[in-house]
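Structural description and commentary
Spelled out, the chains give:
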Amino acid sequence: MIVSYLHKILTENSIKKVLDLGAGHATEALYCASFGADVDWVDKKEVPSYLKDHPRINAIQTKIEDFNFNNKYDLIIIKFVLHFLDKNFIIHSLFPNIIKSLNNNGFLVITSFGEKDKIFSLPDRSVFFSKEEMEKCVSPLNLITYNEYDEKDSHPPLGEHTHSIQEFLFKK
C-alpha cells in the first residue's frame, strides 16, 4: 500500500529531498531514489553494502533518537518503527522535529500497527496512536489519506497471526 502513496507523491510533485527514518533494507529509499530524489537513509542497523556507494542515498547509521534534524525535506517516511520508540519521545521530540524539517507542501508518510494489533499485548510494545491522536500529534499537518487494513504474518513470539495496519499520508 505504501508504494501507491509514494508513487503518487513522486510522480505528481517535485520531490527532491527525502528522509527515510528506520529505513532498514532501504526499500522505500531505493524507490524514491529511482525517481531522482536524494534520500537520507537513517537506521541503527549496519548500512547495507548496496547503499554505501549509491549516488542518491546518504546512509546514516544512528538511532532515530540521536538523529540530527538539520535538513529540510519534501518527503519524510516512517514505516513500522514507532512501536520501537518511547511515546513521550515521539510526541515531544520526534514529531516536532519532523514538522520543523518538512518543507512547505511537503509530505509525511507513516505506516504503523493499529490498535487491534496483538503486538500491543506484548510487554514493552505499548506505543499506539489512534487516527485522532496521530492527527493531533502532527498538527498543523493535514491528513490527506488514511487507510486501515489487516495483513497476515508469521514470526516469533506470536507465530501465525494477523497484523492490524494503519497508513497515514499528511501534507504540510
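Residues numbered from 1 in each chain as written. Predicted model: local features only at pLDDT ≥ 70, side-chain atom pairs only at ≥ 80, totals over all residues. Heavy atoms only, no water.

1. A look at the pattern of salt bridges
Counting across every chain of the model gives 5 salt bridges. Taking the shortest distance from any N to any O, the salt bridge between Asp38 and Arg56 comes out at 2.8 Å. Of the two residues, Asp38 sits in strand β2 (residues 38–43) while Arg56 sits in the loop between β2 and β3 (57–61), which places them 18 residues apart along the sequence. On the accessibility criterion, Arg56 (33% relative accessible area) is partly exposed. (Salt bridge = Lys/Arg side-chain N within 4 Å of Asp/Glu carboxyl O. Helix = DSSP H or I, 4+ residues; strand = E, 2+ residues; numbered from the N terminus. Buried < 20%, exposed > 50% of the residue type's maximum accessible area, 1.4 Å probe, protein only.)

2. Brief notes about the side chain of Ser101
Relative to the helices and strands, Ser101 resides in helix α3 (residues 87–101). For Ser101, a relative accessible area of 1% puts it in the buried group. A polar side-chain atom of Ser101 sits 2.9 Å from the main-chain carbonyl oxygen of Asn97. Aside from chain neighbours lying at most four places away, what touches Ser101 is Phe69, Asn71, Lys72, Tyr73 and Ile76. (Polar contact = N/O pair within 3.5 Å; in protein donor to acceptor, adjacent residues only side chain to side chain. Contact = heavy atoms within 4.5 Å.)

3. Structural notes on the nonpolar core
Counting 29 residues, the largest nonpolar core has Leu21, Leu82, Leu94, Phe95 and Leu108 as the members making the most contacts within it. Counting only elements with at least two residues in this core, the list comes to β1 (17–21), β4 (73–79), α3, β5 (102–113), α4 (131–137) and β7 (159–171). When residues of this core are assigned to their parent elements, the largest contribution, 6 residues, is made by α3. Leave out the neighbours within four places in its chain, and Leu21 touches Val42, Ile64, Phe67, Phe69, Ile76, Ile77, Ile78, Lys79, Val81, Leu94 and Ile98. Listed in part, the 23 residues of the second largest apolar core include Tyr5, Ala33, Val39 and Trp41. (Core = buried A, V, L, I, M, F, W, Y, C linked by side-chain atoms within 4.5 Å.)

4. Here's the deal with the pairing of β4
Among the 7 residues that make up β4, 6 are buried, leaving the element largely enclosed by the rest of the structure. Summarising the sheet, β4 and β5 pair through 6 bridges and their orientation is parallel. Residue pairing for β5: Leu75 is matched across the bridge by Phe107. Handedness of the crossover is the feature at issue here: the chain leaves β4, passes through α3, returns alongside β5, and the resulting connection is right-handed. (Pairing = 2+ DSSP bridges. Right-handed = clockwise from strand over helix to strand, strands pointing away.)

5. Looking at the environment of Ile165
Summarising the element assignment, Ile165 is placed in strand β7. For Ile165, a relative accessible area of 1% corresponds to the buried category. Each C-alpha atom of the pair Ile165 and Phe80 lies 9.3 Å from the other, and the pair is 85 residues apart in sequence. If we skip the residues at most four places from it in the chain, Ile165 touches Phe80, Thr111, Ser112, Phe113, Gly114, Asn147, Glu148, Tyr149 and Glu151.

6. A word on the packing of helix α1 (residues 2–12) against helix α2 (residues 27–34)
Interhelical geometry of α1 versus α2 gives an angle of 25° and a closest axis separation of 10 Å. Taken together, the axis directions place α1 and α2 in an arrangement best described as roughly parallel. Handedness of the crossing formed by α1 with α2: right-handed. Only Glu28, Tyr31 and Cys32 of α2 make contact with α1, whose side of the interface consists of Ile2, Val3, Leu6, His7 and Leu10. Classifying every residue of the contact of α1 with α2 gives 6 nonpolar, 1 polar and 1 charged. (Axes fitted to C-alpha atoms, helices over the stretch in contact; angles between N-to-C directions. Parallel < 35°, antiparallel > 145°, perpendicular 65-115°, else oblique. Left-handed = near helix turned anticlockwise from the far one by under 90°. Nonpolar A, V, L, I, M, F, W, Y, C, P; charged D, E, K, R; others polar.)

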